[in-house]
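Below are the chains, spelled out letter by letter.
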Amino acid sequence: TYAPLSFTARRALFEIPDNAYGNPHYVTLAGGGPATILSPGNMFFSGQPIGVSSTTQLATLYNNSSSTVSVTGINASGDFTQSNSCDGTLEPFSYCSIDISFKPTVSGLSVGTLTETDNSSSTPQTISLQGTGVALLLSTQYLNFSPQLVGVTSPAQTVILENSGTSAVGIT
């Protein structure tokens, strides 16, 4: 059996000592890591307002082989979308970029998967996607009050709380 510990190709010579004619006998062993590598293994998008697309996060597909790889599909599921520069083929030892974004439809945790398929031995490969949608939005999370004299009230500052969800929210 062979279990690669790195992404580089390995070669070895297996010697079989025996008492038969032409001894010892040899078997050449060759192996390598995966032909294509999709990274990272997972992504998380936090605190994204419902119905608003997040900024993108970057994934990379790397061709770790000396042959051209045909990329046959890159798909995102759930509330996640992708765009990529993979253009159908990936030249030897090159990479392409995959931009992933999250546009939640509900508050709370959303899960999805980015799946990449190609004609290599590594296919299919996936990235686990998670994101949190939020229905309540604050206009700011930080207020800065200028120095005040003791006993003097500062000017008021406003924080707007917006419910972008579809149901009423109780505030206590």
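One structure accompanies this document, and this report is about it. (Residues numbered from 1 in each chain as written. Predicted model: local features only at pLDDT ≥ 70, side-chain atom pairs only at ≥ 80, totals over all residues. Heavy atoms only, no water.)

**What to know about the state of the cysteines**
Throughout this description, disulfide means a covalent bond between two cysteine sulfur atoms.
Logical step 1: Evaluation of the coordinates by the stated rule reveals one disulfide.
Logical step 2: The disulfide partner of Cys-86 is Cys-96, and the S-S distance across this bridge is 2.1 Å. Residues Cys-86 and Cys-96 are joined through a disulfide that is right-handed, its torsion about the S-S bond being 80°. Of this pair, Cys-86 sits in the loop between strand 7 (80–84) and strand 8 (89–90) while Cys-96 sits in strand 9 (residues 95–102), and the two are 10 residues apart along the sequence. The two residues Cys-86 and Cys-96 agree in class, both being buried. (Disulfide = S-S within 2.5 Å. Helix = DSSP H or I, 4+ residues; strand = E, 2+ residues; numbered from the N terminus. Buried < 20%, exposed > 50% of the residue type's maximum accessible area, 1.4 Å probe, protein only.)

**Some thoughts on the packing of aromatic side chains**
Logical step 1: This structure, assessed with the given rule, holds three aromatic pairs.
Logical step 2: Between Phe-80 and Phe-102, the ring centres sit 4.8 Å apart and the planes meet at 25°, which makes this aromatic pair stacked. Linking Phe-80 in strand 7 with Phe-102 in strand 9, this pair joins segments that are 22 residues apart in sequence.
Logical step 3: Overall, Phe-80 belongs to the buried group, its relative accessible area being 3%. (Phe/Tyr/Trp six-rings, centres within 6.5 Å; stacked < 30°, edge-to-face > 60°.)

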